Amino acid sequence: MRAILSNVQTEAKEQRYEIELIDLTQQVKNLRMFFIEEESLESFMIKHVEIDGNMLQFKLPSEQLEGSFPGQLRFDWELYLQWEENDHFETVQVENEFVANKQLGLNLFQRFETDFAGYVNIEVYHGTNADLFELKNVQHVADGILLFGTKQINEAHLQNIVMTMQDVTDQKRIIQITKDLSRYSDLFAFKIPITELIVGKQYKVLISYKFNGESLKQRVGITTQFDPDSDFVKNINGSLVCLDVAYDNMLIVSLPIPESTTQRLTKRFYSQIKRPLSLTKMVLSKVKLHFIKRLFKRQRLPYQKPTIVFESFGGRQVSDSPLAVYQVFKQFYPGYNLIWSIYPELKSFCREHGMQYVVRNSVEWVSVMRRAQSWVSNARYPSWVKKSKFTFYLQTWHGTPLKKLGLDIKQVTMPGTDTLSYHRNFTREANRWDALISPNDYSTNIFRSAFGYKNQILKIGYPRNDELINTTADQINALKEKMGISQDKKVVLYAPTYRDNSFITTGKYTFKLPFSLQKFQEQYGKDTILILRMHYLIANQIDVSDFKDCVLNLSDYPNISELYLVSDLLITDYSSIFFDYAYLKRPILFYPYDYEMYKNELRGFYLDYEHELPGKIVHSEADMFTEMKNALTHADMTNNERFQQFYDRFCAINSGDSSRKVVDYIINTIKK
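Conventions adopted
Residues numbered from 1 in each chain as written. Predicted model: local features only at pLDDT ≥ 70, side-chain atom pairs only at ≥ 80, totals over all residues. Heavy atoms only, no water. Helix = DSSP H or I, 4+ residues; strand = E, 2+ residues; numbered from the N terminus. Buried < 20%, exposed > 50% of the residue type's maximum accessible area, 1.4 Å probe, protein only. Contact = heavy atoms within 4.5 Å. Areas by Shrake-Rupley, 256 points an atom, 1.4 Å probe, with all protein chains shown as cover. Pairing = 2+ DSSP bridges. Axes fitted to C-alpha atoms, helices over the stretch in contact; angles between N-to-C directions. Core = buried A, V, L, I, M, F, W, Y, C linked by side-chain atoms within 4.5 Å. Parallel < 35°, antiparallel > 145°, perpendicular 65-115°, else oblique. Left-handed = near helix turned anticlockwise from the far one by under 90°. Nonpolar A, V, L, I, M, F, W, Y, C, P; charged D, E, K, R; others polar.

Sorry, what's going on with the overall build of the protein chain here?
What the protein chain contains, in helices and strands, is 17 helices and 40 strands. Taking all 672 residues of the protein chain together, the buried fraction comes to 55%. In the protein chain, the share of contacts with a sequence separation of at least 24, taken over all contacts with a separation of at least 6, comes to 65%. Carbon and sulfur atoms form 49% of the exposed surface of the protein chain, whose accessible area is close to 31300 Å².

Please clarify how the pairing of strand β2 (residues 14–22) should be interpreted in this entry.
For β2, the buried fraction is high: 7 of the 9 residues fall into the buried class. Strand direction decides the pairing type here: strand β1 (residues 2–10) and β2, joined by 8 bridges, are antiparallel. Bridging from a neighbouring strand, A3 pairs with L21 of β2. Note: β2 against strand β6 (residues 55–61), 7 bridges, orientation antiparallel. Bridge assignment links E20 to a residue of β6, and that residue is M55.

Mind showing me how you'd approach the sheet that holds strand β40 (residues 616–617) here?
Note on sheets: strands pair through backbone hydrogen bonds, and any given pair is parallel or antiparallel. Taken together, the 6 strands give an open sheet; going across it, the order is β37-β36-β33-β38-β39-β40, and neighbouring strands pair in parallel fashion. In the strand order of this sheet, the two ends are held by β37 (551–553) and β40, each with one partner. Alignment of strand β36 (residues 528–532) against β37, held across 3 bridges, turns out to be parallel. Counted as the bridge partner of L530 is V551 from β37. Sheet contacts for helix α11 (residues 517–524): β36 and β37; angle to β36, the most-contacted strand, approximately 155°.

Is there a simple way to explain the sheet that holds strand β15 (residues 144–150) in this structure?
As summarised here, the arrangement of the 3 strands in space is β14-β15-β20, forming an open sheet in which the pairing is antiparallel. At either margin of the open sheet sits one strand with a lone partner, and together these are β14 (137–141) and β20 (187–191). Strand-to-strand twist in this sheet, taken as the mean axis angle between neighbours without regard to direction, amounts to 20°.

What's the story with the nonpolar core in this structure? I'm lost.
Across soluble globular proteins, nonpolar side chains have a tendency to be buried as a group. By size, the foremost hydrophobic cluster in this structure holds 108 residues, and its most contacted members are F329 and F451. Top contributing element to this core by residue count: helix α4 (residues 320–332), with 6 residues. Look past the residues within four positions of F329 in its chain and what remains in contact with it is I308, F310, P334, Y336, L338, V663, I666 and I667.

Just checking my understanding: could you explain the packing of α11 against helix α15 (residues 621–632) for this structure?
Two quantities define a packed helix pair, namely the angle between the axes and the distance from one axis to the other. It is the contact of α11 with α15, at a shortest axis distance of 12 Å, that shows an interaxial angle of 30°. With respect to their mutual orientation, α11 and α15 come out roughly parallel. Helix-helix and strand crossings are classified by hand; for α11 and α15 the assignment is right-handed. Touching K519, F520, Q523 and Y524 of α11 are E621, F625, T626, M628 and K629, all from α15. Within the contact of α11 with α15, the residues separate by chemical class into 4 nonpolar, 2 polar and 3 charged.

Just to check I follow, could you spell out helix α8 (residues 441–450) for this structure?
Along an α-helix, residues three or four apart share an orientation, since each turn contains 3.6 residues. The buried fraction of α8 amounts to 7 of the 10 residues, a majority that puts the element mostly inside the structure. The complete set of buried residues in α8 reads Y442, S443, T444, I446, F447, R448 and A450. Buried positions along α8 lie against β1, β2, β31 (435–438), β32 (456–459) and α16 (641–650). Backbone geometry just downstream of α8 places G452 in the positive-phi region, at approximately 60°.

How should I be thinking about unusual backbone geometry in this particular structure?
Most peptide bonds take the trans form, and the phi angle of most residues other than glycine is negative. In this structure, N30 takes a positive phi of about 55° despite not being glycine. As for its placement among the helices and strands, N30 is situated in strand β3 (residues 29–37). For N30, a relative accessible area of 48% translates into the label partly exposed. Phi is positive for F313, close to 50°, though the residue is something other than glycine. Along the polypeptide, F313 turns up in the loop between β26 (307–311) and α4.

Shown next, in the form of structure tokens:
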């Protein structure tokens, strides 16, 4: 049996651990957890554990891992699972799928890491100085230096965060860097004001904030993950800026007196290494595609600069969880090489948004894919896309399963394949994934069985849903204005799934709306906007030109989460998008007009469709319009017991920082 740490939830005085058990074949007896500290060999045991299916849970007091060995400030804990079997005890060391940095107190930190063998290592340490606030990261950008810190101490948020700089030799000279920092739910960011610094002077960075009602002011330090030789001396807008660390880890910023020769050489060096990637323009014929496949068989060396390739829905979009992960990398790790794999029609979009890209199925695309340290994708790659040994392949997937997947589909009716080939290709591709993101225990169990998947699962929630949790009312109003939606109108989003049996021939699908736009206009057109969001395979023949005042076809809108945010009601049928929309706690209406046929003849469902959905089900156009009115008058589902049970089961795991956790996990992995 294998045991894998999949999640840790931190509360004020305790932590709740979740461990996934793999190859659990029988009822185990006398389960217990052992924590052993590597240096002092201090240990303790947890006997009170709970098992639900293949998930093991237990609680641990937060201070338990601080250790009691005199004089020791850093503790590295290994975790073991033990159980009784045939009159003896079996023991396994717990593997790791969870990466996080936590601040448990003003001067107490915790870090979850994976050792070289894949086992969990829980590091708990006291800061080097109680008067020092440790930052999380530092990055050099074109016009300055960005620094980042966490806004949370043991899940409690800091308030009124203000950053200043103080002249080391003239402490009366204070430079205010920021006002209150409150942009992110878990991190804050600020930039060093290079133009206000005096050449030859040294400055220390200070932070003031409120925590638990107490006003604090501390010096700012920097963690040991930064390399002074490569990270701290930068040429910024013609000025050589030096970041140094004092004996107690306090951060020192200075503008050294310029040395003309050094300045000139440094400028020349940086101008030479920052050459943009050349973009190849090729339209591939079948012969060229065969050539591309052969190129994937060649061995390539990895890029020196960490490079990550992002792809969404096979290169058709720049969206979904890969986009959410990309945005965090872009913000906090701009020194990384971040490249989108796209089809040619998205080139203008990428240029407009300042995104590096490579055209899918081009020669350059093969080179980038083969040399990248990591791939981040939400869909499968063709089997001929070969992964290098050093490439970490993260699969975000694209929804909580409602319809049967992979091996659970007993008869495949999709065009261009058959059941046996579909199963074989699905399993083969799935086990190329080095890690797979899951939004809940329900999905984890399905992914294991339906994909035949044996590798790591990160049960942290989908990164794309961070936006649903963190977006404010003012930001939603701005989105409505961008879409041309009046603030005083209700918004209904209609987003059905595509039908596997609605194809004409390979690559061609068709679909007809199951209700009248004319009737919608007559009943709701004055005060309600209908947004149509059709699957990309079926968004081909829907004409809304006669209903411009009340119907928007936004099937090509790149970020569906923004459509969720502006909508007061979701209407769908079998699409798994309602799992994501439920994060907003707004009403959901199900209109499965062909339910019996879809249930019996197509894929079937994992959930009990009639009893486990978080909203009402209607089967006719008339009932849909009636229930639409009722739903729009009850916009908040917080007090709906059935809805809240659904929310607790499928949504509660994501606290709005899934993207950050994924980024930490990727960085930790590719640095090994």
